[in-house]
Amino acid sequence: MTKPEKVDPAVLRVADAVGALMESWGFKRNMGRMWAVLYLEDHPLTAAELGDRLGLSTGAVSMLLAELVQWGIVKKAWVVGERREHYEAETSIWKMVSRVFRERELRWIKTAIDELDAAGDQLETGRDARRTLIAQRIAGLRQLAGVGAQLLEAVLEGESIDALPLKQVGDLAKDKKS
């Protein structure tokens, strides 16, 4: 059996930074660490090599790799003469980020829009000033969610972004008060 390759401290530093960033986005820290190690490597690695480099158990590596493959952030790679599975990182950062935006953030925004619309429909307005205020504020939140969805879709399509609609969010509620 070959001795595990020593990991460059700079690689581990990058892995930890990417791990912390991914954790702040709601992913597991070790998903980011594992992707970073693969991204900085010039050849595919086995699960055992990843576990050795990151100090992770076989089970943890297996679960993390399954999630990373599911997100399309890591893919299996065929290595001539090797029977064990090898893995390599997706190197297009835009491809990874856009997939997360499309499949997670945009879905969350659209779910919020549906709920805000349902709440607005459910609210009986005009009965008193309090309910009118609630309806106006729901409309402002709906406007914010709609603008957020439009901005995210524009980013995903590579279009230029106009920040003015975002700056005007809430003006709808102000205008109705006047």
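Preceding this section is the structure that the text describes.
Residues numbered from 1 in each chain as written. Predicted model: local features only at pLDDT ≥ 70, side-chain atom pairs only at ≥ 80, totals over all residues. Heavy atoms only, no water.

Draft legend 1. Summary view of the overall build of the chain. When you go through the chain residue by residue, the secondary structure sums to 8 helices and 3 strands. Traced from its N-terminal end to its C-terminal end, the chain shows the element sequence α-α-β-α-α-β-β-α-α-α-α. Along the first, second and third principal axes, the C-alpha set of the chain runs to 80 × 35 × 30 Å. Partitioning the contacts of the chain with sequence separation of at least 6, the portion at a separation of at least 24 is 55%. Approximately 11,700 Å² of the chain is accessible, and the part contributed by carbon and sulfur atoms is 55%. Measuring between centres, the 26 positive side-chain charges of the chain sit 4 Å from its 27 negative side-chain charges. (Helix = DSSP H or I, 4+ residues; strand = E, 2+ residues; numbered from the N terminus. Contact = heavy atoms within 4.5 Å. Areas by Shrake-Rupley, 256 points an atom, 1.4 Å probe, with all protein chains shown as cover. Lys, Arg positive; Asp, Glu negative; His and termini not counted. Charge placed at Lys NZ, Arg CZ, Asp CG, Glu CD.)

Draft legend 2. Structural context of the packing of helix α5 (residues 93–122) against helix α6 (residues 129–157). At their nearest, the axes of α5 and α6 sit 9 Å apart, and the two run at 160° to each other. Taken as axis vectors, α5 and α6 run roughly antiparallel relative to one another. As for how α5 packs across α6, the hand of that crossing is left-handed. Of the residues contributing to the contact of α5 with α6, the split by class is 14 nonpolar, 4 polar and 7 charged. (Axes fitted to C-alpha atoms, helices over the stretch in contact; angles between N-to-C directions. Parallel < 35°, antiparallel > 145°, perpendicular 65-115°, else oblique. Left-handed = near helix turned anticlockwise from the far one by under 90°. Nonpolar A, V, L, I, M, F, W, Y, C, P; charged D, E, K, R; others polar.)

Draft legend 3. View of the nonpolar core. Formed by 25 residues in total, the largest nonpolar core has its most connected members in Met34, Trp35 and Val74. Put simply, the parts of the chain that give this core at least two residues each are α1 (9–24), α2 (29–40), α3 (47–54), α4 (58–71), β3 (86–89) and α5. Ranked by residues supplied to this core, first place goes to α2 with 6 residues. Core analysis: the next-biggest nonpolar cluster, separate from the first, contains 9 residues, Leu106, Leu116, Leu123 and Leu156 among them. (Core = buried A, V, L, I, M, F, W, Y, C linked by side-chain atoms within 4.5 Å. Buried < 20%, exposed > 50% of the residue type's maximum accessible area, 1.4 Å probe, protein only.)

Draft legend 4. Molecular detail of α5. With 30 residues, α5 should cover 44 Å at 1.5 Å per step; its first-to-last C-alpha distance of 42 Å lies within 8% of that length. Most pronounced at Phe101, the bend in α5 amounts to some 35°. When α5 is considered as a whole, its buried residues turn out to be Met96, Ser98, Val100, Arg104, Leu106, Ile113 and Leu116. The inward-facing, buried residues of α5 contact α2, α4 and α6. (Expected span 1.5 Å × (residues − 1). Bend = angle between axes of the 7 residues up to and from the residue.)

Draft legend 5. Structural view of the layout of surface pockets. Approximately 270 Å³ is the volume found for the largest pocket. Surrounding the largest pocket, 14 residues form its lining, Met22, Trp25, Ile93, Met96 and Val97 being those nearest its centre. Within the residue set of the lining of the largest pocket, elements represented by two or more residues are α1 and α5. Residue composition of the lining of the largest pocket, by class: 12 nonpolar, no polar and 2 charged. (1 Å grid on protein atoms, 1.4 Å probe; cavity = no way out; pocket = protein on both sides within 12 Å on 5 of 7 lines; lining within 4 Å. Points joined across faces, edges and corners; volume = space filled by probe spheres on them.)

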